[in-house]
Amino acid sequence: MPTSTSSPTNTRRRVAEQRRHQRGILDTSVVIDLEKLDAAQLPAQVAISALTMAELAAGPHATTDPDERGRRQDRLQRAEAAFDPLPFDSEAARAYGRVYAAVAGAGRKARGARAVDLLIAATACASGLPLYTRNGSDFEALEDLIDVVVV
């Protein structure tokens, strides 16, 4: 259930004052930085979307640097071992319509590079779980649909 307000300033303030959620979805940016984060910033039980797993699977192929490719492959394998991803199902597909409408209604672009982020947000919306991210601005205009927690 959303608890955020529509103001980005209020969202940032709320993050600083937040209590720890019992469950939540980590977006791809959090999974990438997982080892850098204090576990107390995250929910007690974490989940990821199948879309995050897809982004992680594409990661090794998106670089020509062999060392970075190895790091990305390692991250993918650790995520595959640790998570049973939430599917993008019919409920998430319906939620995506609401997410798209909120973003477009705020005059923001809902297609292109941000499309996968918004599909992950739809997964959080459909499951009723807060979404943890390193990139709060990616989810502006969604405060009435999901609880976005910037870590």
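Computed from a predicted structure; not experimentally measured. (Residues numbered from 1 in each chain as written. Predicted model: local features only at pLDDT ≥ 70, side-chain atom pairs only at ≥ 80, totals over all residues. Heavy atoms only, no water.)

Draft legend 1. The arrangement of unusual backbone geometry in detail. With a phi angle near 85 degrees, Ala141 is a residue other than glycine that sits in the positive phi range. Tracing the sequence through the fold places Ala141 in the loop between strand E3 (131–133) and strand E4 (148–150). The exposure class of Ala141 is partly exposed, given its relative accessible area of 24%. (Helix = DSSP H or I, 4+ residues; strand = E, 2+ residues; numbered from the N terminus. Buried < 20%, exposed > 50% of the residue type's maximum accessible area, 1.4 Å probe, protein only.)

Draft legend 2. View of the pairing of strand E1 (residues 23–26). Bridging between E1 and strand E2 (residues 45–48) involves four bridges; their strand directions are parallel. Note that in E2 the partner of Leu26 across the bridge is Ile48. Pairing of E1 with E3 involves two bridges; the strand directions are parallel. Bridged to Leu26 within E3 is Tyr132. (Pairing = 2+ DSSP bridges.)

Draft legend 3. Structural context of the packing of aromatic side chains. Counting across every chain of the model gives one aromatic pair. The interplanar angle of 65 degrees and the centroid separation of 6.0 Å between the aromatic rings of Tyr96 and Tyr100 together place this pair among those described as edge-to-face. With Tyr96 and Tyr100 both in helix H5 (residues 90–105) and four residues apart, the pair spans about one turn of that helix. The class for Tyr96 is buried, based on a relative accessible area of 17%. (Phe/Tyr/Trp six-rings, centres within 6.5 Å; stacked < 30°, edge-to-face > 60°.)

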